[in-house]
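Here are the chains, one letter per residue:
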Amino acid sequence: MSYVDTVLEGVHRRNPRQPEFLQAAEIVLRSLEPVFEHHPEYEEAAILERLVEPERTIVFRVPWVDDEGKIRVNRGYRVQFSSTLGPFKGGLRFHPTVNLSIMKFLSFEQIFKNSLTRLQIGAAKGGSDFDPKGKSDSEVMNFCQSFMTNLAAYIGPSTDVPAGDIGVGSREIGYLFGQYKRLRNEFTGTLTGKGLDWGGSLVRPEATGYGVVYFAEEMLNGVNDSIEGKTCTVSGSGNVAQYAVQKLIDMGAKPVTMSDSSGYIHDPEGITRERLEWLMELKNVKRGRIQEYAREFGVEFYPDQRPWNVPCEAAFPCATQNEIDLEDAQRLTANGCLVVAEGANMPTTTEGIRHLVEKRILFGPGKAANAGGVATSGLEMSQNAMRLNWTFEQVDQRLREIMRNIYLATAEAARRYHEAGNFEVGANIAGFLKVADAMLDQGVV
Ligand code: NDP
């Protein structure tokens, strides 16, 4: 048995019934195999055995009172996977599907993503099975305060700095930050994604969506092409999708779809700046459904479907995990798609990725392509530490440089250890090497 086989066997034995975590561990560890031929010292230092075990996992009760005075109970999580490169860092997700397996998969992926940014940030992820949908503001606040009351003991500006994710936007970050400040009696940059007037960074809301488009542009530039003029399909209509569409419009591309969990809209002439603004008001302020876009602008709405059968040259999955399966991937390639850049975390299934890579599509895996969000969170931490605010242009410029460097590191690792153009493997290897070397330096901890 190879080193990777042995470690994976232990991972399966120790983590039964955690399919998402096992899927992520399997994909990442397999892709690292070529590294161990060149670096026996990693095996001797049991780097992988340590890397697949979170440093600390916190699971806690979150009791809160709804508007009818009824007591409700949710479960909270924080999986602190690795502090090798800096304080634990990663988002909080509030969604009914949240469980330990999903938290662990997201936190594990975060190790490599955060490493790729070259900033001093470790890896964590957390959240709850609480569903903010349909809850009043006061219910969301009650929940956030109770959640933070338990979590506060485990986080801090040099320990663990959570951010938002699905279901955790600026409103939730505000309530979480307010409660943290009250409990600790100190104003620190313990959460990122904060409001601009109280420690937030310009470009943080835009960063993941902008970053994924910058990454797609880098991949296309690598083959002497560009995103300009390309027809693009986008899934999701949340934070990542909205700013990916905005940046696509800025760069002269034509985004034609957006979606939510009830279906997708197809706007064949291309979503315009004005229509996007209308949609942002609908989603962020009125908390409406994507279907209303179709009604407002007289375009088609396809209920309960994903947008991958719409012909496009570039696809941007920006909603959730496992939203491009093998069939979707086959449809994309059959329709002439050239590039798939993952805005969401693990939106493509293992079989889907295999197909895209075999067909030599430019495939930007989430841990590289959507790292702009956490990178800008890292920049927010730096600004908080200095108690300074950089301008929009300064932060955007850094974001663009970071995405370019991630692309270069990923492309180089792919070329050196595996095959040129395989960014999936390249991202895992480039992210891993930095963490592994730091672990060697830091001894057995
Ligand atoms: P939001 O909550 O703002 O938006 C999520 C979008 O995805 C919504 O349109 C939602 O529709 C849709 N969606 C959620 N679950 C499903 C589902 N099961 N099927 C179909 N559509 C679904 O989240 P974000 O935009 O912040 O995050 C999207 C993805 O990007 C996630 O995978 C997240 O982990 C990842 N990501 C986010 C970062 C960030 O900075 N925000 C950073 C890096 C990665 P509906 O409203 O109907 O639920």
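Bear in mind the structure is a predicted one, so any value in this text is a computation, not a measurement.

### Looking at the pairing of strand β1 (residues 56–65)
Strand direction decides the pairing type here: β1 and strand β2 (residues 71–82), joined by 10 bridges, are antiparallel. Within the sheet, the bridge partner assigned to Val 62 lies in β2 and is Asn 74. The antiparallel hairpin formed by β1 and β2 contains five residues in its connecting segment, where Gly 69 sits at a positive phi of about 85°.

### Digging into the site of the ligand
The ligand sits among 24 residues. The nearest are Asp 165, Thr 208, Ser 261, Arg 289 and Asn 345. Lys 133 places a polar side-chain atom, nitrogen or oxygen, 3.1 Å from an oxygen atom of the ligand. One nitrogen or oxygen atom from the side chain of Asn 345 is found 2.8 Å from an oxygen atom belonging to the ligand. If the ligand stood free it would expose 890 Å²; the protein chains cover 81% of that surface. Every element with two or more residues in the shell around the ligand is listed here: α8 (204–221), α9 (239–250) and β8 (257–260). A class-by-class count of the residues in the shell around the ligand yields five nonpolar, 12 polar and seven charged. Viewed by domain, the shell around the ligand spans two of them, domain 1 (3–188) and domain 2 (207–369), each represented by three or more residues.

### Regarding the domain arrangement of the protein chain
Here the protein chain is described as being made up of domain 1 (3–188) and domain 2 (207–369). Relative to domain 2, the C-alpha centre of domain 1 lies at a distance of 26 Å. Approximately 1200 Å² of surface area, both sides summed, lies buried where domain 1 meets domain 2, with 52% of it carried by carbon and sulfur atoms. Contact with domain 2 buries area across many residues of domain 1, yet Gln 23, Phe 105 and Lys 113 alone supply 34% of it, more than any other trio. For the interface between domain 1 and domain 2, the tally reads one salt bridge. In this structure, Glu 109 and Lys 367 form a salt bridge, with 3.4 Å as the shortest nitrogen-oxygen distance.

### Some remarks on the layout of surface pockets
In this structure, the second largest pocket occupies an estimated 480 Å³ of space. Met 381, Ser 382, Gln 383, Asn 384 and Ala 385 are, among the 23 residues lining the second largest pocket, the residues nearest its centre. The element contributing the most residues to the lining of the second largest pocket is helix α15 (residues 372–386), with seven residues. In terms of residue class, the lining of the second largest pocket is made up of 10 nonpolar, 10 polar and three charged.

### Examining the packing of helix α2 (residues 19–38) against helix α5 (residues 100–116)
Think of two packed helices as two axes; the pair is described by the angle between the axes and how far apart they sit. Where α2 meets α5, the closest approach of the two axes is 6 Å, and the angle between their N-to-C directions is 25°. By the angle between their axes, α2 is roughly parallel relative to α5. Taking contact as the criterion, the partners of Pro 19, Glu 20, Phe 21, Ala 24, Ala 25, Val 28 and Leu 29 in α2 are, on α5, Ser 101, Ile 102, Lys 104, Phe 105, Phe 108, Glu 109 and Phe 112. A breakdown of the residues in the contact of α2 with α5 according to their chemical character gives 10 nonpolar, one polar and three charged.

### Structural notes on empty space enclosed by the protein
The final tally for this structure, using the stated rule, is two cavities of 30 Å³ or more. In this structure, the largest cavity encloses a volume near 100 Å³. Lining of the largest cavity is provided by Ala 24, Ile 27, Val 28, Glu 109, Glu 342, Met 346, Thr 348, Ile 353, Pro 365, Gly 366, Lys 367 and Glu 424. Secondary structure elements with two or more residues in the lining of the largest cavity: α2 and α14 (366–369).

### Side note on the sheet that holds strand β3 (residues 88–94)
The five strands lie next to each other as β1-β2-β4-β3-β5, forming an open sheet whose pairing is mixed. Two strands close off the open sheet at either side, each with one partner strand: β1 and β5 (160–163). For this sheet, the mean inter-axis angle between neighbouring strands, taken without regard to orientation, is 20°.

### Remarks on unusual backbone geometry
A negative phi angle characterises most non-glycine residues, just as the trans form characterises most peptide bonds. Non-glycine residue Arg 17 carries a positive phi angle of around 60°. Topologically, Arg 17 is positioned in the loop between α1 (3–14) and α2. Given the relative accessible area of 76%, Arg 17 is considered exposed. Despite not being glycine, Arg 387 has its phi angle at roughly 50°, a positive value. For Arg 387, the location among the structural elements is in the loop between α15 and α16 (392–417).

Conventions we followed
Residues numbered from 1 in each chain as written. Predicted model: local features only at pLDDT ≥ 70, side-chain atom pairs only at ≥ 80, totals over all residues. Heavy atoms only, no water. Pairing = 2+ DSSP bridges. Helix = DSSP H or I, 4+ residues; strand = E, 2+ residues; numbered from the N terminus. Near = heavy atom within 4 Å. Polar contact = N/O pair within 3.5 Å; in protein donor to acceptor, adjacent residues only side chain to side chain. Areas by Shrake-Rupley, 256 points an atom, 1.4 Å probe, with all protein chains shown as cover. Nonpolar A, V, L, I, M, F, W, Y, C, P; charged D, E, K, R; others polar. Domains from an automatic or database assignment. Buried area = accessible area lost by both parts, 1.4 Å probe. Salt bridge = Lys/Arg side-chain N within 4 Å of Asp/Glu carboxyl O. 1 Å grid on protein atoms, 1.4 Å probe; cavity = no way out; pocket = protein on both sides within 12 Å on 5 of 7 lines; lining within 4 Å. Points joined across faces, edges and corners; volume = space filled by probe spheres on them. Axes fitted to C-alpha atoms, helices over the stretch in contact; angles between N-to-C directions. Parallel < 35°, antiparallel > 145°, perpendicular 65-115°, else oblique. Contact = heavy atoms within 4.5 Å. Buried < 20%, exposed > 50% of the residue type's maximum accessible area, 1.4 Å probe, protein only.

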